[in-house]
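Given next are the chains, with one letter for each unit.
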Amino acid sequence: MDEEYWYEEDTGAMVRPYTVTRGRTRPSERHAIDLMSRVTALEPGPDGPGVDHPRAALLGHVRRGPRPVVELAADADLPLTVVRVLLGDLAEQGLIRIDAPRRLPAHDAADPELLREIVRRLREL
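Residues numbered from 1 in each chain as written. Predicted model: local features only at pLDDT ≥ 70, side-chain atom pairs only at ≥ 80, totals over all residues. Heavy atoms only, no water.

Engineer: Kindly report on the overall build of the protein chain, identifying the contributing residues and their values.
Structural biologist: Across its full length, the protein chain holds seven helices and three strands. Moving toward the C terminus, one meets the helices and strands of the protein chain in the order α-α-β-α-β-α-α-β-α-α. Across the 125 residues of the protein chain, 27% fall into the buried class. Relative to all contacts within the protein chain whose residues are 6 or more apart in sequence, the contacts with residues 24 or more apart total 72%. When the accessible surface of the protein chain is summed, it comes to about 9200 Å², and 55% of that surface belongs to carbon and sulfur atoms. (Helix = DSSP H or I, 4+ residues; strand = E, 2+ residues; numbered from the N terminus. Buried < 20%, exposed > 50% of the residue type's maximum accessible area, 1.4 Å probe, protein only. Contact = heavy atoms within 4.5 Å. Areas by Shrake-Rupley, 256 points an atom, 1.4 Å probe, with all protein chains shown as cover.)

In structure tokens, the structure reads:
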């Protein structure tokens, strides 16, 4: 008898996102997680107790180097709301640090040369 195996790459996620977050749609109030918040792993060692597969997989992405939340969501191929909840859980366990995004001073944000550079790079994409 020929056995056939299914993989998530072929079938899509087998577990709904709300089950991964245990029904939560927001991280705890202690963590302000913006799209551009920078996430850094604090412990290079093994995952602590209570770190299940989805959280461990996300932590693996974070351990590659400090990254914005939006990049982690793209790399993990998870909805942003799920990633924010999982990151909040990892922060609660002391495994990651979430830093607020660096804000440009108001006078730099309207710099015409900076805007031209952004447009030029977007066109390159």
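The rest of the description comes next.
Engineer: Help me get a handle on the pattern of salt bridges, residues and values and all.
Structural biologist: Taken as a whole and assessed by the stated rule, the structure comprises eight salt bridges. The residue Arg-55 makes a salt bridge to Asp-89 at a minimum N-O spacing of 2.9 Å. Note that Arg-55 is positioned in helix 3 (residues 53–62) and Asp-89 in helix 5 (residues 80–92), a separation of 34 residues in sequence. When sorted by exposure, Arg-55 lands in the same class as Asp-89, which is buried. Members of the salt-bridge network, linked through shared partners, are Glu-117, Arg-120, Arg-121 and Glu-124. (Salt bridge = Lys/Arg side-chain N within 4 Å of Asp/Glu carboxyl O.)

Engineer: Which residues make up the packing of helix 3 against helix 5, and what values go with them?
Structural biologist: Axis separation between helix 3 and helix 5 bottoms out at 10 Å; the angle between their running directions is 85°. Taken together, the axis directions place helix 3 and helix 5 in an arrangement best described as roughly perpendicular. Contacts between helix 3 and helix 5 involve Pro-54, Arg-55, Leu-58, Leu-59 and Val-62 from the first element and Val-83, Leu-86, Leu-87, Asp-89 and Leu-90 from the second. Tallied by class, the residues present in the contact of helix 3 with helix 5 amount to eight nonpolar, no polar and two charged. (Axes fitted to C-alpha atoms, helices over the stretch in contact; angles between N-to-C directions. Parallel < 35°, antiparallel > 145°, perpendicular 65-115°, else oblique. Nonpolar A, V, L, I, M, F, W, Y, C, P; charged D, E, K, R; others polar.)

Engineer: An account of the sheet that holds strand 1 (residues 38–41) is requested, with residue identities and associated values reported.
Structural biologist: Either a parallel or an antiparallel arrangement is found when strands of a sheet pair, and the pairing is made through backbone hydrogen bonds. What the three strands build is an open sheet, ordered 2-1-3; its pairing is antiparallel. This sheet does not close on itself; its edge strands, each paired only once, are strand 2 (67–68) and strand 3 (96–99). Note that strand 1 and strand 3 share four bridges and pair antiparallel. Pairing of Ala-41 across the sheet is with Ile-96, part of strand 3. Against the sheet, helix 3 contacts strand 1, strand 2 and strand 3, and its axis sits at roughly 100° relative to strand 1. Each of strand 1 and strand 3 touches helix 5; the most contacted strand, strand 3, lies at about 120° to it. (Pairing = 2+ DSSP bridges.)

Engineer: Account for the pairing of strand 1, with residues named and values stated.
Structural biologist: Examined bridge by bridge, strand 1 and strand 2 share two bridges and lie antiparallel to one another. Within strand 2, the residue paired with Arg-38 across the bridge is Pro-68.

Engineer: Lay out helix 4 (residues 69–76) in plain terms, naming residues and giving numbers.
Structural biologist: What helix 4 keeps buried is the set Val-69, Leu-72, Ala-73 and Ala-76. Taken end-on, helix 4 shows its buried residues confined to a sector of 100°, consistent with a single buried face. Count one or two residues on from helix 4 and you reach Asp-77, which has phi positive near 55°. (Arc of directions from axis to C-beta.)

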